[in-house]
Amino acid sequence: MPMSDNPFGRVITAMVTPMHDDGSIDFDGLQRLAVHLADHGHDGLLVNGTTGESATTTDEEDYDAVAAVVEAVGDRVSVMAGCGTNDTEHSMRAAAAMVERGADTLLVVTPYYNKPTQHGIVEHFRMVAEAGGRPVMAYDIPGRTGTALSSDTIRRLGEIPGLRAVKDAKGDLFEASRLMAETDLLWFSGDDVLNLAFLALGATGIVSVVGHVAGDDYRAMIDAVDAGDLPRAREIHTRLIPAVDAIMHTSQGAIQIKAALKMQGLLGSDQLRMPLLQGPPEHLDRLREGLAAAGLA
């Protein structure tokens with residue numbers, strides 16, 4: 001798919017936010033990580049997503065993170081900025097500020113905690129898309145937000161100018177395939193466990209956590225699916241199972257992937273912000289074993 005038709009990229013990682021041991025953001029480390037990802041299979045990066053601990057970073061930190069990644073790799077990859085909150089006006093301000101700092105596209109999550117009506121959700125997305133003026137990817141993750149995007153709502157989102165894509169972490173593969181067929185929305189796997197399944201059904205790409213350590217593999221998986229070589233794509237998927245399991249199913253994705261990046265020398269610290277805590281030794285042991293088994297150690 002030409003990038004003119006897809007402004008987001010296809011191999012996208014939801015970047016962690018590197019931190020010093022005192023909890024302050026390591027912007028130099030963020031830029032080094034962005035360069036590493038751009039060197040290894042990525043044509044898109046997401047800044048300030050859930051894996052970036054956006055729930056505990058400040059607005060100014062978020063804006064500075066976007067500017068830092070744009071400065072480091074903005075000429076090489078599409079930079080997407082997470083700007084969605086459960087406050088529409090806050091999200092609108094964040095969208096405009098992140099675009100001002102160079103974001104190419106925006107990720108907007110379903111408003112959480114408030115439990116708005118589906119009509120309210122559509123209007124939220126419409127207002128944020130208008131405020132940002134850049135292509136928007138809607139993030140459907142009811143396990144975190146408490147509210148799923150209904151199929152009718154997704155169809156209505158597809159009518160909003162500028163709302164171009166869905167990041168699907170709902171896991172309903174049949175309904176996803178129906179909506180891919182019925183709308184012009186670009187579809188992205190938002191769950192590393194289902195990356196191959198979504199791609200095989202026609203998804204455009206992935207927004208990954210495991211991509212921090214498996215970017216080249218996911219690029220090869222997408223290339224294999226595009227070429228109709230499903231045995232090769234399955235081979236990659238199967239090899240990565242131990243790593244995906246260790247990162248996504250041991251405790252929490254941001255915790256485990258920061259630990260993995262520190263193990264690989266790509267982060268100086270695996271510091272997180274409360275309430276996230278580094279894992280115990282047994283979690284690290286499982287992570288080492290999973291990475292090794294997947295050929296990523």
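Going by the annotation in an unreviewed UniProt entry, the name recorded for the protein is 4-hydroxy-tetrahydrodipicolinate synthase, with Dietzia cercidiphylli given as the source organism. Per UniProt, the protein carries the Subunit (unreviewed entry) text "Homotetramer; dimer of dimers."

Visitor: Teacher, can you tell me more about the packing of helix H2 (residues 59-73) against helix H3 (residues 88-100) here?
Guide: Each pair of packed helices can be described by the angle between their axes along with the distance between the axes. Running from N to C, H2 and H3 point in directions that differ by 30 degrees, and their axes come no closer than 10 Å. Regarding the angle of H2 to H3, the classification is roughly parallel. The crossing of H2 and H3 is right-handed. Of the residues in H3, those touching H2 at Asp-59, Asp-62, Tyr-63 and Val-66 are His-90, Arg-93, Ala-94, Ala-97 and Met-98. Taken together, the residues that form the contact of H2 with H3 break down as five nonpolar, one polar and three charged.

Visitor: Help me understand helix H1 (residues 27-39), please; the structure alone is not making it clear to me.
Guide: Three or four residues apart is the spacing at which side chains of an α-helix point the same way, because the helix has 3.6 residues per turn. For H1, with 13 residues, the first-to-last C-alpha span of 18 Å sits near the 18 Å given by 1.5 Å per residue. Considering only its buried residues, H1 is in contact with strand E1 (11-14), strand E2 (44-47), H2, helix H9 (211-226) and helix H11 (253-263). Once H1 ends, the next one or two residues include Gly-41, with phi positive near 90 degrees.

Cut-offs and rules
Residues numbered from 1 in each chain as written. Predicted model: local features only at pLDDT ≥ 70, side-chain atom pairs only at ≥ 80, totals over all residues. Heavy atoms only, no water. UniProt positions renumbered as here; feature names shortened; annotations may be inferred. Axes fitted to C-alpha atoms, helices over the stretch in contact; angles between N-to-C directions. Helix = DSSP H or I, 4+ residues; strand = E, 2+ residues; numbered from the N terminus. Parallel < 35°, antiparallel > 145°, perpendicular 65-115°, else oblique. Left-handed = near helix turned anticlockwise from the far one by under 90°. Contact = heavy atoms within 4.5 Å. Nonpolar A, V, L, I, M, F, W, Y, C, P; charged D, E, K, R; others polar. Expected span 1.5 Å × (residues − 1).

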